[in-house]
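# Structural overview
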Amino acid sequence: NKERAVEEGITAYTCEEYIKSLIANPELVDRLASLNDEGNEIETGRIIFSEHLPLSKLQQGIKSNLYLQGTFRANRDNYLEATVWVHGDGEQKEVIIQGLRNLNRAVHEDIVAVELLPKNAWVAPSFVVLHDDENQTEDDVEQEEEKENSLKSSASNSMLRPTGRVVGIIKRNWRPFCGMLSKSQIKEARRHLFTPADRRIPRIRIETRQASTLEGQRIIVAIDGWPRNSRYPNGHFVKNLGAAGDKETETEVLLLEHDVPHQPFSQAVLSFLPQMPWSITKQDMKCREDLRHLCVCSVDPPGCTDIDDALHCRELENGNLEVGVHIADVSHFIRPGNALDQESAKRGTTVYLCEKVNFLFVLLLCSDQVALFKVGFIPTLNLIQ
């Protein structure tokens, strides 16, 4: 489209060109993704990693059992070791990957293709705790080789495990990562390293013009690519979450890193809430048993606003005790397939944090608006024995 516009004499810019032209807002450039690996390679850097095989060759190799397909699981305590859980017919097979070059730019939870090494090159799982040195330069591969040698120890044949190397990436599992900026020691440098909160994720090199502002902050960074001659993947700044150590900021990091949906409910979801004040209808009573004659008591503590659990116990004529457990049936207010139902399925459960609750349902369905003690009667699920 840009080429057609230029041919017709219309001034046109790519998104990148337009953003870079906004001199008054240089921070916007930080949010541009680096789509071209080659353009972001370190000019003086030598080739570190082998080239990933194309998907067509990987699929052929997997069919012929030359390669194995599995999920890449990085080691939290040793950044130079990982395992690949091979997808098989009813069986799980684990392949150890050791060494920077054998890891070959795979990131935690990627779907990868691995090639098994000869049996004389198999190793045992390492118990060495090895974290990426923040003072190490990007091109200091010799240090990596020294660390890799420290992983190799004499082990009996019974301890050796199938060992391999990553030959290609079938599916990337990149997501926005939370962490902190490790500011470069070089004065006025634009390239800095980002250290993710999850130790299984490698550090990410980003370009930013606001390093001084972002230092000491929790930020979000996305990976754009990983060139063959770069020790670290390239990425770009996405968002500043707030100061490290701040309770609200750290809670946000916790929710994001564990992929817990916690955004406010949309208007589409809120539109399916029951109208207040709500009361049970005759139509509702036709398909439910009326238990309001029983003496039912709550088991929730004083001050609780979402009293949705209750019990009753009474003596029967034959001397036995009848015990009933009653749970508020919130599903009565939710119709299958609507926005409220879909959002609830996405959230899965209520998440309790320090001084904060991330509700499964809209607060109206969890609060005293439809609680047992407030309304006095609501639809419930009951177990009576």
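A short tour of the structure in this document, coming up. (Residues numbered from 1 in each chain as written. Predicted model: local features only at pLDDT ≥ 70, side-chain atom pairs only at ≥ 80, totals over all residues. Heavy atoms only, no water.)

### Some remarks on the overall build of the protein chain
To be explicit about the condition: Secondary structure follows DSSP: runs of H or I at least 4 residues long count as helices, runs of E at least 2 residues long count as strands, and numbering of each begins at the N terminus. The criterion used for residue contact is that any of the two residues' heavy atoms lie within 4.5 Å. In these tables, accessible area is a Shrake-Rupley quantity obtained with a 1.4 Å probe, and a residue counts as shielded only by the protein chains included in the view.
The number of helices and strands found in the protein chain is 12 helices and 16 strands. A separation of at least 24 residues holds for 64% of the contacts in the protein chain among residues at least 6 apart in sequence. Looking at the protein chain as shown, the accessible area adds up to about 23000 Å², and 51% of this sits on carbon and sulfur atoms.

### Observations regarding a nonpolar patch on the surface
We count it as follows: A residue counts toward a patch only above 30% relative accessible area and without a salt bridge, and it is joined to like-charged neighbours within 9 Å or, for Val, Leu, Ile, Met, Phe, Trp and Tyr, to nonpolar neighbours within 5 Å. Salt bridge, as used here: a side-chain nitrogen of Lys or Arg that lies within 4 Å of a carboxyl oxygen of Asp or Glu.
On the surface, a nonpolar cluster with roughly 560 Å² of combined accessible area is contributed by V299, L311, L321, V323, V325, I327 and L383. The element that contributes the greatest number of residues to the nonpolar patch is strand 13 (residues 321-328), accounting for four residues.

### With respect to the pairing of strand 1 (residues 68-74)
Applied cut-off: The buried label goes to any residue with under 20% of its type's maximum accessible area, the exposed label to any with over 50%, and the partly exposed label to all in between, with areas taken from a 1.4 Å probe on protein chains only. Strands pair, by our definition, only if DSSP identifies at least two bridges between them.
Among the seven residues that make up strand 1, five are buried, leaving the element largely enclosed by the rest of the structure. In this structure, strand 1 lies alongside strand 4 (residues 111-116), joined through four bridges in antiparallel fashion. From the neighbouring strand, Q69 faces strand 4, where its bridge partner is A113. By the bridge criterion, five bridges tie strand 1 to strand 2 (residues 81-87) in an arrangement that is antiparallel. Along strand 2, the bridge assignment pairs F72 with V84. A loop of six residues connects strand 1 with strand 2, the two strands running antiparallel in sequence.

### Remarks on the nonpolar core
This is how the line gets drawn: Working definition of a nonpolar core: buried Ala, Val, Leu, Ile, Met, Phe, Trp, Tyr and Cys residues. They are joined through side-chain atoms within 4.5 Å.
Residues F177, L181, F194, I204, I219 and V221 are the most contacted members of the largest nonpolar core, which totals 20 residues. Sorting the residues of this core by element identifies strand 6 (177-182), strand 8 (204-207), helix 6 (211-214) and strand 9 (217-225) as the ones contributing at least two each. Looking at this core element by element, the count peaks at three residues for strand 9. Setting aside its immediate chain neighbours within four residues, V221 contacts R175, P176, F177, F194, I204, I206, H236, F237 and V238. If you look at the next biggest cluster of nonpolar residues, it comprises 14 residues, including L103, A106, V166 and I169.

### Looking at the pairing of strand 13
What you see with strand 13 is a clean split: E322, G324, H326 and A328 sit on the buried side and L321, V323, V325 and I327 on the side with no burial. Pairing of strand 12 (residues 309-315) with strand 13, which is carried by seven bridges, proceeds in the antiparallel orientation. Bridge pairing in strand 13 links L311 to V325.

### Notes on helix 7 (residues 247-257)
To keep things clear, this is the line we draw: Counting of polar contacts relies on pairs of N or O atoms within 3.5 Å, with two restrictions inside protein: one atom must be capable of donating a hydrogen and the other of accepting it, and residues adjacent in sequence are counted only when both atoms are side-chain atoms.
Within the span of helix 7, buried status applies to T249, T251, V253, L255 and E257. Turning to helix 7, the residues buried within the fold contact strand 6, strand 9, strand 10 (234-243), strand 14 (351-353) and strand 15 (356-358). Residue D246 occupies the N-cap position of helix 7, its side-chain oxygen lying 3.2 Å from the main-chain nitrogen of E248.

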